[in-house]
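Residue strings, one per chain:
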Amino acid sequence: MDFDGDGVLVAMAAAGVTVLIEAAAPGLPVVAYWGPQLPGLDAAQAAALIRAGEPVSGSNNLEPRPRVAILPEHRTGWTGRPGLSGSAAGRGWSPAFRTTSVRLDGEPARGFVASGAGRLEVEAVDDAGRLTLRLEFELLDSGLVRARAELENRGPDAYGVDDLVLSFPLPPEATEILDFGGRHNLERIPQRAPLRTGAHVRENRKGRTGADSAYVLHVGTPGFGFASGGVWAAHTAWSGNHTHYAERVSTGEQRIGGGELLLPGEVVLTAGERYRGPWLYGSYGQGLDEVARRFHRRLRARPRPVDTRRPVTLNVWEAVYFDHDTDRLLDLAERAAALGVERYVLDDGWFGSRRDDTSGLGDWVVSPDVWPRGLHPLVDRVKKLGMQFGLWFEPEMVNPDSDLARAHPEWIMSARAGWPVESRNQQVLNIGIPEAYAHVKSQILAVLEEYAIDYVKWDHNRDLVEAGTQTDDGRPGVREQTRAFYRLLDEIRAAHPELEIESCSSGGARIDLEVLERADRVWVSDNIDPHDRQHMLRWTTQLIPPEFMGSHVASDRSHVTGRRHDLSFRAGTAVFGHLGIEWDLSQATDEQLAELGEWVAFFKAQRGLLLGGELVRMDGYGDDVLVHGVVAPDRSRALFAMVTMASPYPDPPARLRFRGLDAARLYRVRPIAAAGLPPRWWGPGLEGEVFSGAALEHLGVACPRVNPDQVVLYRADATTG
Ligand code: GLA
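Okay, so let's go over this structure. (Residues numbered from 1 in each chain as written. Predicted model: local features only at pLDDT ≥ 70, side-chain atom pairs only at ≥ 80, totals over all residues. Heavy atoms only, no water.)

Let us now look at the site of the ligand. Lining the immediate surroundings of the ligand are 13 residues, of which D347, D348, R424, K457 and D526 lie closest. The separation between an oxygen atom of the ligand and a polar side-chain atom of N461 is 3.2 Å. At 3.4 Å, a side-chain N or O of W523 approaches an oxygen atom of the ligand. For the ligand, the accessible surface in isolation is 310 Å², of which the surrounding protein chains cover 96%. Residues belonging to the shell around the ligand are distributed by class as follows: 4 nonpolar, 3 polar and 6 charged. (Near = heavy atom within 4 Å. Polar contact = N/O pair within 3.5 Å; in protein donor to acceptor, adjacent residues only side chain to side chain. Areas by Shrake-Rupley, 256 points an atom, 1.4 Å probe, with all protein chains shown as cover. Nonpolar A, V, L, I, M, F, W, Y, C, P; charged D, E, K, R; others polar.)

Here we take up the packing of helix 7 (residues 434-450) against helix 8 (residues 478-495). Running from amino to carboxyl end, helix 7 crosses helix 8 at an angle of 30°, the nearest separation of the two axes being 11 Å. Judged by the angle between their axes, helix 7 and helix 8 are roughly parallel. The handedness of the crossing between helix 7 and helix 8 comes out as right-handed. The segment helix 7 lies against helix 8, with Y437, V440, K441, I444, L445 and L448 engaging A484, R487, L488, E491, I492 and A495. Taken together, the residues of the contact of helix 7 with helix 8 sort by class into 9 nonpolar, no polar and 3 charged. (Axes fitted to C-alpha atoms, helices over the stretch in contact; angles between N-to-C directions. Helix = DSSP H or I, 4+ residues; strand = E, 2+ residues; numbered from the N terminus. Parallel < 35°, antiparallel > 145°, perpendicular 65-115°, else oblique. Left-handed = near helix turned anticlockwise from the far one by under 90°. Contact = heavy atoms within 4.5 Å.)

Turning our eyes to something else, we now look at the packing of aromatic side chains. In this structure the tally under the stated criterion is 22 aromatic pairs. Centroid distance W599 to F602: 5.7 Å. Interplanar angle 85°. Geometry classified as edge-to-face. In this pair, W599 and F602 are both assigned in helix 11 (residues 590-612), 3 residues apart and thus about one turn of the helix distant. By relative accessible area, W599 is classed as buried at 3%. (Phe/Tyr/Trp six-rings, centres within 6.5 Å; stacked < 30°, edge-to-face > 60°. Buried < 20%, exposed > 50% of the residue type's maximum accessible area, 1.4 Å probe, protein only.)

A word on the pattern of salt bridges. Between side chains of opposite charge, a pair can form when the charged atoms approach closely. In this structure the tally under the stated criterion is 60 salt bridges. Its salt-bridge partner being D157, residue R91 comes within 3.3 Å of it at the nearest N-O pair. Of this pair, R91 sits in the loop between strand 4 (84-87) and strand 5 (97-104) while D157 is found in the loop between strand 10 (145-153) and strand 11 (159-170), placing the two residues 66 residues apart along the sequence. For E176, the salt bridge is made with R192, and the minimal N-O distance between the two is 2.6 Å. Linking E176 in strand 12 (residues 176-183) with R192 in strand 13 (residues 186-194), this pair joins segments that are 16 residues apart in sequence. Overlapping salt bridges bring together R119, E121, R134, E136, E138, R146 and R148 as one network. (Salt bridge = Lys/Arg side-chain N within 4 Å of Asp/Glu carboxyl O.)

With that settled, the discussion passes to the environment of N527. One can find N527 in the loop between strand 31 (521-523) and helix 9 (530-540). The spacing of N527 and A13 is 514 residues in sequence and 41 Å in space, taken between C-alpha atoms. A polar side-chain atom of N527 sits 2.9 Å from the main-chain amide nitrogen of D529.

What follows is the structure in structure tokens.
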């Protein structure tokens, strides 16, 4: 290969990650390397590395063996999943792309180029001149990579796109998969499997990210943990139908990738039309914590960052459900404010005929039946009490028993004359239809204009099944729906720049990096039981940092599981996210309220650290004990939690270790508890002694023995003596 001629070889390095890309080689760009930083990559070294890796053909192999591009091409001999599947009625199904331009950070690139974080844009045309492809590849400051593709039909005939996926290479030692399953009330359940010959494919056809989404698909060295093992991960940033996959072919190549999942006939490009797929993110790390922290750094660097002074929230849902009694809700506001709550959120039930979940969804007009003077009495009181006001919407949904469904049955998504099977008594409003979009947008804006609303909880409570467009012969409409959802959020935010938006979907079924370009918080799960929440918070942080996770303290008896837990366990769990309360406070005892107030004060005092620190999850405690924490970016302090999930067998390790501190600095370590918590036995030796960060990581202090479903918090403060 001649990189001084037409070839382009790009070496990018950022945050301990190197990516080596052969662009214009002459096919589509090939990621020749993605992994730990390689020092001293000059032109000669990089070219030598590429030459030294030229694949040798074995028995009955193709010659030359395929070089697998970011968009893998079948015509190169690649018989794994192709990047593009599509055709013009059977023609042009195996396009041969030739690169026509390579730009790095906007400048034409030739020969060898070394850069830090940067953006590569490659344009290519297929040999028949039917298609052009624009591929973007970025290495971000966080060390994340991401890629997306846009296809344009330049031919006279319609070109149907069946599938477009992108992928990155996996090294041969990455043979163990970790991704997620889950369901309503139990989101993000980790699952491991070996990567064998063939493909591990996670397809989502739910029209939303999904409670069971693959979320982040990892492939790593066997047994990788939070701090150990090489791990390569992918995340398809899309809130509609989508794919994640990992694949190994018999010649040994391994890929990890994903894209949007397109329904039959969903994307047919007429002359001049374009299709652009979602970003595929890649995160490499030594252990899962490093993989997660790269995603966190990316979200923390959003143009509109989420402040770590997240207001303590009260959401009324589990307190009152549909019982919108003004006096009761005003009383709740008073009680919340007295506890130090800073934001009050009125949930489902304030509009139309929505007195329960069978009716009124889609009619976004304040109900005169329950709110004869509008929401003003409540909003005014909440504001007077010094709190922000938030309101629940579910803009993409309708109850068949609603004014909207009666007036416009043709706006309901359906692939046929009848409507799809119901879920939670509701159907999907097709906001891909411009009139339906305009209607719901104007109703939302009218409410936002009438009341001083700081926050919207944006819900989406069913899967999209047979989601076709009735006004277009029932053609698939999920892609248009997803795009319209993003547009609606963008336009509402443009009209109300200060408005904060929470992404909720029957709990945590719409959490992905594309919705998080627009939403500032996610509702992790409808299940607030702290035992289950420990798992869900632990794994939801694999993609998003704690300040984005809605994390509430509920009543002692969980409404979902029926289990009872101490307040110290409920609150000691919830403070590792954006703290809220979802509890009928009129039912709480004075003692409970006092204790809750302590936790709110604790959260407020520590939220800079709790919500701005770096995530640490410890290996080595089995499933019965969880140890996790947050460390200040300057390593001056940290908070750790030791959580008992069951009566551990065998006994937990004798020592409790804390990672992430500065090895050489000295720290004072103290168990802490908000006042009112019963004292626990945390062992001797923590009466003011100091230990080095290295000693705390490798040796640690005595591991407390406590009952199941308890949390013990520790703080570590750097000290000079
Ligand atoms: C969904 C949400 C809940 C609540 C209800 C209201 O289930 O996840 O938090 O808002 O809807 O109907």
